[in-house]
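Working through the structure, step by step
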Amino acid sequence: MKRIYITLIAMCVSIGIMTTRANTTETPEYLIDVKEAIANNDIETAYTLILDDIATYPKDGDARFLYAFILTQRDETALAIDNYKMADKLTKDKNRRSVINYSMAICFLTLGDTTSCISHLDKAEKLTPKDIDIYNLRGNIYSSLGEYEKAEKDFFTALTIDKDSYKTFGNLGDMYFDMEEYEKALEYYNYMIKLDPSDENVLYSRALCYYNLGQYLYSLDDCITVLANGDFSFHASMIILAISEKDFELATSKLDVVSKADPSNTLWKNMLGSLYYDRNDYEQAIAHWKEGLAYEPSAQLASDIAECYLLLYEYDMANEYIDYAIAIDSTNNEYILNKANILMSIGEVEQAKNLLHGNLENDSTDLNSRYFLSEIYRMTGENELCLNEMNILIENLPNNRALYERRGRAYRAMGNEEAAKQDFETVLAMTEEPDETYAFCLQHLGQSEKAIETMLQLKGDAAGETDYYNIACLYAMSNDVENALKYLRLSLENGYKNFYYLKTDSDFNNIRESEGYKALINEFCNE
């Protein structure tokens, strides 16, 4: 994992410094009103006033400097640079000239001209060699260019000016992080945390260092601190998720300890539920999310629990929790879509359609609802309606290969073989790494052996209920009844229970009247 890198953060900080300097240098009386307008962030008033001052005092370096600064705030960077150059020529005082050159450096940085930026920082350094901001900015630029030795020299020079510079510690930590020298990065992040233990950005960066060093327990400690405060909670949760992939027991046991110590904070229970969900352990996910729900009603949490029950084929419980979610927030299309999915799974097709139509009436850009509606149309043989929805989806998501496969099926069902073939071939042309969609398109194009070989290679020994189901589909479409029934049985024995979908899936049309298929349906689907 990598630390968050905020683009041009050095520039943003430096603009703040530049603004401060523009407002604190000794000012002629006639420019006071301009500075007051700048201080009040009233740039347009400042602009109007400075134009009058420039006309009256065209040779005044201070007026020219403020004019250039105001132009930067109006995003007129090139014109600002011209006026900074004029201000530099009109100004004798070294400190003021240093500010002018520093400000020009910022302008060049915004234009992406790092060479000119560094050149003006060099001039500023000669004018005021004890100005720490110059070294920090130039060091950041060298670091971003990968010139780490020069960056390191600038940062260490900054520390000779202020040995406890928080900003410089951060710059060094970030530079060493980018160099993947995590031990050195930790050293400087630790200095920062001693100065400010509450800085979540630094805690997050340190957590990433610990993660990259394989010190997962320390990383978890920092992530938990960040999560408790909130600002970087998403990013901290991503680290915890990554740690759980390396050491699931450590991540869950640590969160469990924290959750028991702080039982009213649903954050830890929700996080535990998410970790178990990502491992497909839906029962444990449900258990933790229910604990969170008991402390704090949450539509999203109830919807997540409903999804878990749906994946476990426990439709009554799924219905109960999705209704709970909708009762809290009946305007959320996602919850309505989940309700439609549950209804579809138990064969309540018309109710599912009505809910999805309602979603699309509320928001015609809801592509998830549109896709699910197209799937219902495909399963119920309403191919023209399916095609209409697919055309809208592909118009919005032209790089989604699965949509072309689905539209190809609709074309074929309507007898338009040429259009179907074109869609299936489009999928093959777009595929970089073979997957289920690729395998099905091979099958649609008559390449049965290659399709089945591809699917078997994809799944290998890790096949689960849905994988066996898809393999059974390919064999059934190839009229290989024996193997189709073999893999369909494996799917059912491993827990597949979406019986409505199975009974209506056109992929099994070739074997639906076979005695073996009927026997499987009687054995598993009519319990």
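Each remark here, short or long, concerns the structure printed above.
Everything in this summary refers to the structure shown in the same document. In this convention, every chain numbers its residues from 1, walking through the sequence in written order. Thresholds applied to this predicted model are a pLDDT of at least 70 for local features of residues and 80 or more for the giving and counting of side-chain atom pairs; totals over whole chains, interfaces and linings are not thresholded and use all residues. Heavy atoms from the whole structure form the basis of all side-chain values; hydrogens and water molecules are not counted.

Take the overall build of the protein next. Labels follow the DSSP assignment, with helices taken as runs of H or I lasting at least four residues and strands as runs of E lasting at least two, numbered in each case from the N terminus. A count of helical and extended segments in the protein gives 31 helices and 0 strands. The globule rule used here is 2.2 Å times the number of residues to the 0.38 power, and the radius of gyration it is set against is calculated over C-alpha atoms. Here the C-alpha radius of gyration of the protein, 32 Å, is well above what a compact globule of 527 residues would show, namely 24 Å. Structurally, the protein occupies a C-alpha span of about 100 × 55 × 45 Å along its principal axes. Positive residues here are Lys and Arg, negative ones are Asp and Glu, while His and the chain termini are left out of the count. Taken as the charge centre is NZ of Lys, CZ of Arg, CG of Asp or CD of Glu, depending on the residue. Each charge sign in the protein was given a centre, from 48 positive and 89 negative side chains, and these centres are 7 Å apart.

Before going further, it helps to spend a moment on the side chain of His120. Within the fold, His120 resides in helix α7 (residues 114-127). Any residue under 20% of the maximum accessible area for its type is buried, any over 50% is exposed, and the rest in between are partly exposed; the area is computed with a 1.4 Å probe on protein chains only. Residue classification places His120 among the buried positions, given a relative accessible area of 9%. Contact between two residues is taken to exist if any of their heavy atoms lie within 4.5 Å; hydrogens are not considered. If near-sequence neighbours (up to four positions away) are discounted, His120 is found in contact with Asn101, Met104, Ala105 and Phe108.

Salt bridges are defined by distance alone: a side-chain nitrogen of Lys or Arg within 4 Å of a carboxyl oxygen of Asp or Glu. Counted by the stated rule, this structure contains 29 salt bridges. Its salt-bridge partner being Arg370, residue Glu389 comes within 2.6 Å of it at the nearest N-O pair. Of this pair, Glu389 sits in helix α23 (residues 383-396) while Arg370 sits in helix α22 (residues 367-379), and the two are 19 residues apart along the sequence. Here Glu389 and Arg370 have matching classes, each one buried. Through salt bridges with shared partners, a single ionic network connects Glu375, Arg378, Glu405, Arg406, Arg409 and Asp507.

Centres within 6.5 Å make a pair out of two Phe, Tyr or Trp rings, where for Trp the six-membered ring is used; the pair is then stacked when the planes are under 30 degrees apart, edge-to-face when over 60, and tilted otherwise. Throughout the structure, instances matching the rule amount to 22 aromatic pairs. With a centroid separation of 6.4 Å and an interplanar angle of 25 degrees, the aromatic rings of Tyr321 and Tyr324 are classed as stacked. Remark: Tyr324 and Tyr321 occur in helix α19 (residues 315-328); sequence separation between them is 3 residues, near one turn of the helix. We classify Tyr324 as partly exposed; its relative accessible area is 30%. Through a chain of ring-to-ring contacts, three or more aromatic side chains come together here, namely Tyr313, Tyr315, Tyr469, Tyr496, Tyr501, Phe508 and Tyr517. Between the NZ or CZ atom of Arg74 and the centre of the ring of Tyr47, over which it lies, the distance is 3.7 Å. Here, over-ring charges are defined by two tests on the NZ atom of lysine or the CZ atom of arginine: distance to the ring centre within 6 Å, and angle to the ring normal within 35 degrees. Its guanidinium or amino end placed over the ring of Phe248, Arg279 lies 4.0 Å from that ring's centre, counting from NZ or CZ.

Take the nonpolar core next. Nonpolar side chains in soluble globular proteins tend to end up buried together. Side-chain atoms within 4.5 Å are what join buried Ala, Val, Leu, Ile, Met, Phe, Trp, Tyr and Cys residues into a set we call a nonpolar core. By size, the foremost hydrophobic cluster in this structure holds 160 residues, and its most contacted members are Tyr84, Leu488, Leu502 and Phe508. Sequence-distant contacts of Phe508, defined by excluding residues within four places in its chain, comprise Tyr469, Ala472, Cys473, Ala476, Leu488, Leu502 and Tyr517.

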